[in-house]
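So the chains spell out like this:
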Amino acid sequence: MDQRAIGVFDSGFGGLTAVRRLRAIMPAEDIVYFGDTSRVPYGNRSRDTILRYARQDTRFLRSFDLKAIVVACGTVSSNCLDVLAAENDIPIIGVVEPAVRSAAALTRNRRVGVIATRASIGSGAYERAFRRLDEALEVTSLACPLFVPLVEEGRCRPGDIVIETVAEQYLAPMREKGVDTLVLGCTHYPLLAEVIGNVMGPEVTLVDVGAESAAALRALLQERDALAPEGTGAAEYYTSDRAADFQRLASLFLGEDVTGQVGQVDITKY
Ligand code: DGL
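Residues numbered from 1 in each chain as written. Predicted model: local features only at pLDDT ≥ 70, side-chain atom pairs only at ≥ 80, totals over all residues. Heavy atoms only, no water.

Some words on the overall build of the protein chain
Thought 1: Helix and strand content of the protein chain: 11 helices and 10 strands.
Thought 2: Taking 2.2 N^0.38 as the reference for a compact globule, 270 residues should give roughly 18 Å; the C-alpha atoms of the protein chain span a radius of gyration of 17 Å, in line with that estimate.
Thought 3: Summarising its shape, the C-alpha atoms of the protein chain cover approximately 50 × 40 × 35 Å along the three principal directions.
Thought 4: A buried classification covers 59% of the 270 residues belonging to the protein chain.
Thought 5: The contacts of the protein chain with a sequence gap of at least 6 include a subset with a gap of at least 24, amounting to 76%.
Thought 6: For the protein chain, the accessible surface area stands at approximately 11,400 Å², while carbon and sulfur atoms represent 47% of it.
Thought 7: With 29 positive and 36 negative side-chain charges, the protein chain shows a separation of 3 Å between the mean positions of the two kinds. (Helix = DSSP H or I, 4+ residues; strand = E, 2+ residues; numbered from the N terminus. Rg over C-alpha atoms; globule rule 2.2 N^0.38 Å. Buried < 20%, exposed > 50% of the residue type's maximum accessible area, 1.4 Å probe, protein only. Contact = heavy atoms within 4.5 Å. Areas by Shrake-Rupley, 256 points an atom, 1.4 Å probe, with all protein chains shown as cover. Lys, Arg positive; Asp, Glu negative; His and termini not counted. Charge placed at Lys NZ, Arg CZ, Asp CG, Glu CD.)

Here it is, written out as structure tokens:
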């Protein structure tokens, strides 16, 4: 048993979709979340900048006594998970491998798709992970750079003409490829699951990277006998921009009210 908390970070709110899942499947765990809302999005930035930000995010989280960190950001996971893992003496779990494993197991027609930020797709990390598992899979990757800003604006529901138009434009080529499994390779995208599902059709299975990384962490902690003892875990949230804004949007991503649990951090100091 290990009572230390689990750290989770993302460029913004997207990682909260992973926290939601963590809390559902491991309710006894304490969680410390950091969302770098003053510098979101990461997905259009260079690898050097993404790595610099990710190191600061990790250093901030390491100021707490943690047993593991979930990099709940597809962009950081795709671009620099190996560096963070090498620099830290606790497990650092990313979102790419668990989602790819799940998608490869789910596909029936061996045609899989990945949608993510420009930096995630540009890194080739998802494609490499699929190739390592199964050379014969046909993988189609697509960057959807407008999805994150639209989600952060709350434009994510069916019936919203802006997000529906953007989704239709982005996803038409993916639909034409005939994929039967689509990895939502950015932790913001589960908020768009309905919109994306409507465009892709009911026969396409959507894989939520945040949920898969939460399941992978639980398996790892179980294997190491490092789960928290029974009880109800606490959650603390930190943001690099206004706490009030975080509180408002966090409820959308998390499905629960976090008023009074949010602190503001000057991340440039880490
Ligand atoms: N949630 C991040 C990801 O999974 C959002 C990307 C961004 O900051 O652009 O990639």
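Some thoughts on the packing of aromatic side chains
Thought 1: The tally for this structure, following the rule as stated, stands at 13 aromatic pairs.
Thought 2: With centroids separated by 5.5 Å and ring planes inclined at 45 degrees, the aromatic side chains of F64 and Y238 adopt a geometry described as tilted. Within this pair, whereas F64 is found in the loop between α2 (47-61) and β3 (66-71), its partner Y238 is found in strand β9 (residues 235-239), the two being separated by 174 residues in sequence.
Thought 3: In textbook terms, an aromatic cluster arises when at least three aromatic residues are bridged by ring pairs, as seen for F13, Y33, Y237, F246 and F253.
Thought 4: Positioned over the ring face of Y53 is R39, at 3.8 Å from the centre of the ring. (Phe/Tyr/Trp six-rings, centres within 6.5 Å; stacked < 30°, edge-to-face > 60°. Lys NZ or Arg CZ within 6 Å of the ring centre and 35° of its normal.)

Considerations on the sheet that holds strand β4 (residues 92-93)
Thought 1: One open sheet accounts for six strands, arranged β4-β3-β1-β2-β9-β10; its pairing is parallel. Lying at the two open borders of the sheet, with one neighbouring strand each, are β4 and β10 (262-264).
Thought 2: Running over the sheet, α2 touches β1 (5-10), β2 (31-35), β3 and β9 and is turned about 155 degrees from β1.
Thought 3: Contacting β2, β9 and β10, helix α11 (residues 243-254) runs over the sheet at an angle of about 125 degrees to β9. (Pairing = 2+ DSSP bridges. Axes fitted to C-alpha atoms, helices over the stretch in contact; angles between N-to-C directions.)

Quick notes on helix α9 (residues 193-200)
Thought 1: Of the positions making up α9, those classed as buried are V195, I196, V199 and M200. For α9, the arc enclosing every buried residue in end-on projection is 125 degrees, short of the 170-degree limit, so these residues lie on one face. Those residues of α9 that are exposed and aimed more than 90 degrees away from the buried face are E194 and N198.
Thought 2: Buried residues along α9 sit in contact with β5 (111-116), α7 (147-152), α8 (161-176), β7 (181-184) and β8 (205-208). (Arc of directions from axis to C-beta.)

Here's the deal with the pattern of salt bridges
When the charged atoms of two side chains lie near each other, side chains of opposite charge can form a pair.
Thought 1: For the coordinates displayed, the defined rule picks out 14 salt bridges.
Thought 2: With a closest N to O distance of 2.9 Å, R62 and D89 form a salt bridge. Here the residue R62 occupies a position in the loop between α2 and β3, and D89 occupies one in the loop between α3 (74-87) and β4, the gap between them amounting to 27 residues. (Salt bridge = Lys/Arg side-chain N within 4 Å of Asp/Glu carboxyl O.)

Details of the environment of L22
Thought 1: For L22, the location among the structural elements is in helix α1 (residues 16-25).
Thought 2: Taking the C-alpha atoms as reference, L22 lies 7.7 Å from A215; in sequence the two are 193 residues apart.
Thought 3: Not counting chain neighbours up to four residues away, the residues in contact with L22 comprise V8, P27, I31, V70, A214 and L217.

Brief notes about helix α4 (residues 96-106)
Each α-helix winds once per 3.6 residues, and so residues spaced three or four apart point in a common direction.
Thought 1: Looking at α4, one finds that the buried residues are V96, P98, A99, V100, S102, A103 and A104.
Thought 2: If you follow the buried residues of α4, they end up packed against α3, β5, α6 (125-133), β7, β8 and α10 (209-223).

Some thoughts on the pairing of β3
Thought 1: Of all six residues in β3, six are buried; the element is thus mostly enclosed.
Thought 2: Pairing of β1 with β3 involves five bridges; the strand directions are parallel. In the strand pairing of β3, A5 is matched with L66.
Thought 3: Pairing of β3 with β4, which is carried by two bridges, proceeds in the parallel orientation. Directly across from V70, in β4, lies its bridge partner I93.

Describing the sheet that holds β7
Thought 1: One open sheet holds the four strands; their spatial order is β6-β5-β7-β8, and the pairing between them is parallel. For this open sheet the edge positions go to β6 (138-143) and β8, each flanked by a neighbour on one side alone. Direction aside, the axes of adjacent strands within the sheet are offset by 20 degrees on average.
Thought 2: Relative to β6, β5 runs parallel, the two sharing six bridges.

Taken by themselves, the reported measurements are silent on function.
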